[in-house]
Amino acid sequence: MAENTFPVYKVDAIVQFYRTEVLTGQEAKHFTKNDITPSPKAESIQRVYMRVLQLLFRFRPECHYTVPLSENLQHPMLYEWVSPIMSVYMRMCEFLPFCHVYDFSLNDLLNPKSKRTIVILSAIQNYLHFRKQRMETTADHQQSFRSVMDRLQTYTREIKEAEKKIEKLTTIPPEQQAEAKELASALAELATSMQHEYQDVNAMNETVAQCKTEIAEISQKLTQRKVDVATLKDELVKLKSQIVESPEELKNEMERMKENVKSIRMSKELADERLVELQMLVQCAGQVEAEIQVLLKQQQDLQGSMCKTNQQKEEVQSLAAMYESLQKELKNLSNEEAQLKRTIAMKLDKESKQQIRRQKKKEVKDQQVKNIYGQYDKIHQKREEIVKIIEESNRETKKFREKMQKLREKCNQQTQKAQEFYERLLTTLEQYNKRIESIVVETNADTLKMKSHF
């Protein structure tokens, strides 16, 4: 940084810059090129330095005229001419190393030279340009940081609202907890009953299937019997045509045939009874199917409620996904903040290194200032002699004041006595007036009595 330089501007550019950026009002109008070249005016340059310090450090020009010494200093009027120049000199010695000007002296304030003042003013102008650019970049960073913070606040609010919604959706209100428990118990009971009924229905379906198989087998047997009967009838017709002899054999055969017919009828009746029983079982199965349909409707209703709950769960999952995405964005924002903090830390490290260098240079300048203060101590001794003379005059004035106080005390005592005498006279006059009024009243009463007698 010590090797860096700054451009030396022309006088017209310097005047235009300080008119527009530093000075205001009548000061900007009266500041011209003649104040710098060929022989710079000390008052105008001191005013410019004061305005620069006011712009950078908020140090008003009025503050330069305060005496920077102890409170018990006598006769501060003697320091009025020296205090503003010394305060400007001290502040400029602290400020100009930032502008890479390290050899500022009192002659630059009291007897400024044109080339030297142009160099100092151009250094300050360069620093002000750099400051303006940095202010703009910091303002941009602040605006971006504010927008990011606003986004972060909105995200946190949305996350809190989503968490509240998730809690509302997941938690059952206390008014509906009893109903929810009842519904859960009813659902469990329905599930158990449905399982038992499904088991019963499966058993009934198995029995119905077995009955159907038995009916099919019986129907097949009946068809076979019918075919056998038809064949037997054909055989009987053939036999009747063939048989002529032995009526006894015919009777035996007829009896056998009757027995076969009876057995067939008995088997047919048994089959009919079995059919009736199977029909009853089928009717029972129809009733069971109707009940199953009712249960299926109830199950569909339960499935609809379960679908609603699933939809709510999906909403909760979507909100959870939103929450995760917002958390990711928060992490990204936190990473950006960390990067900004790192950059700021790097800048602070650079500034600290620069300050260390500046402090070394300040120490050298402080020694020079101490020498100047030694000269001022000699002036202070001379002023102490004047102070002694003034103290003697103050003692005389104190004596006169004591005499005046004594006279005032005497006057106060005499006025108190006069006031007491005046109060006594007033009390006596009031008593005298009261006596006169009583006498007048008595005389009036006597005159009235006399008139009444006459």
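In this text, all values refer to a predicted model and were calculated from it rather than measured experimentally.

A. Structural context of the overall build of the protein. If you tally the helices and strands in the protein, you get eight helices and zero strands. Counting helices and strands in the order they occur from the N terminus, the protein gives α-α-α-α-α-α-α-α. Since a compact globule built from 454 residues should have a radius of gyration of about 22 Å, the 63 Å found for the protein marks it as more spread out than a globular shape. Pairs at least 24 residues apart make up 74% of the contacts formed inside the protein by residues separated by at least 6 positions. As displayed, the protein has an accessible area near 36,100 Å², and 54% of this comes from carbon and sulfur atoms. Taking the average location of the 73 positive side-chain charges in the protein and that of its 68 negative ones, the two points are 16 Å from each other.

B. Local environment of the UniProt feature "coiled-coil region" (unreviewed entry) in the protein. The positions that UniProt labels "coiled-coil region" (unreviewed entry) are, in the present scheme, residues 145-172, 309-350 and 390-442. When the span residues 145-172 is considered, its composition is 93% helix and 0% strand, and the gap between its end C-alpha atoms is 41 Å. Segment residues 390-442 splits into 100% helix and 0% strand. End C-alpha atoms: 78 Å apart.

C. Looking closely at the environment of Leu190. Within the fold, Leu190 resides in helix H7 (residues 174-242). In this structure, the C-alpha to C-alpha distance between Leu190 and Val387, residues 197 residues apart in sequence, is 112 Å.

D. Structural view of unusual backbone geometry. Thr37 connects to Pro38 through a cis peptide bond whose omega is -10°. One non-glycine residue with positive phi stands out, namely Arg58, at about 55°. Residue placement: Arg58 occurs in the loop between helix H3 (42-57) and helix H4 (82-95). Backbone geometry at His100 places phi at a positive 65°, although glycine is not the residue there. With respect to the element layout, His100 can be found in the loop between H4 and helix H5 (107-110).

E. Structural detail: H4. Here H4 spans 20 Å end to end across 14 residues, near enough to the 20 Å set by a 1.5 Å rise per residue. When you tally the buried positions in H4, you get 11 out of 14 residues, the bulk of the element. Listed in full, the buried residues belonging to H4 are Val82, Ser83, Pro84, Ile85, Met86, Ser87, Val88, Tyr89, Met92, Cys93 and Phe95.

F. Examining the layout of surface pockets more closely. Quantified by volume, the largest pocket comes out at close to 1,500 Å³. Along its surface, the largest pocket is lined by 39 residues, and Phe130, Arg134, Lys347, Glu351 and Gln354 are the ones closest to its centre. For the lining of the largest pocket, the secondary structure elements donating two or more residues are H3, helix H6 (114-170) and helix H8 (247-453). In terms of residue count, H8 provides more of the lining of the largest pocket than any other element does, 15 residues in total.

G. The arrangement of the packing of aromatic side chains in detail. Applying the stated criterion across every chain, the model contains six aromatic pairs. Taken together, a centroid distance of 5.5 Å and an interplanar angle of 85° make the contact between Phe17 and Tyr18 edge-to-face. With a relative accessible area of 10%, Phe17 lands in the buried category. On the numbers, 5.4 Å between centres and 75° between planes, the contact of Phe95 with Tyr127 is edge-to-face. Pair noted here: Phe95 is in helix H4 and Tyr127 is in helix H6, with a separation of 32 residues, a long-range link. Since its relative accessible area comes to 22%, Tyr127 is described here as partly exposed. Taken together, Phe57, Phe95, Phe98 and Tyr127 form an aromatic cluster joined through their ring pairs.

H. Quick peek at the nonpolar core. The biggest cluster of nonpolar side chains holds 36 residues, and the ones touching the most others in it are Tyr18, Tyr49, Met92, Phe95, Phe104 and Ile124. At seven residues, the largest contribution of residues to this core is made by H3. With residues up to four places along the chain from it excluded, the contact list for Ile124 reads Tyr18, Tyr49, Val52, Met92, Phe95, Leu96 and Cys99. In terms of nonpolar packing, the next biggest core, distinct from the first, is built from six residues, Val148, Ile159, Leu326 and Leu333 among them.

The rules behind each value
Residues numbered from 1 in each chain as written. Predicted model: local features only at pLDDT ≥ 70, side-chain atom pairs only at ≥ 80, totals over all residues. Heavy atoms only, no water. Helix = DSSP H or I, 4+ residues; strand = E, 2+ residues; numbered from the N terminus. Rg over C-alpha atoms; globule rule 2.2 N^0.38 Å. Contact = heavy atoms within 4.5 Å. Areas by Shrake-Rupley, 256 points an atom, 1.4 Å probe, with all protein chains shown as cover. Lys, Arg positive; Asp, Glu negative; His and termini not counted. Charge placed at Lys NZ, Arg CZ, Asp CG, Glu CD. UniProt positions renumbered as here; feature names shortened; annotations may be inferred. Expected span 1.5 Å × (residues − 1). Buried < 20%, exposed > 50% of the residue type's maximum accessible area, 1.4 Å probe, protein only. 1 Å grid on protein atoms, 1.4 Å probe; cavity = no way out; pocket = protein on both sides within 12 Å on 5 of 7 lines; lining within 4 Å. Points joined across faces, edges and corners; volume = space filled by probe spheres on them. Phe/Tyr/Trp six-rings, centres within 6.5 Å; stacked < 30°, edge-to-face > 60°. Core = buried A, V, L, I, M, F, W, Y, C linked by side-chain atoms within 4.5 Å.

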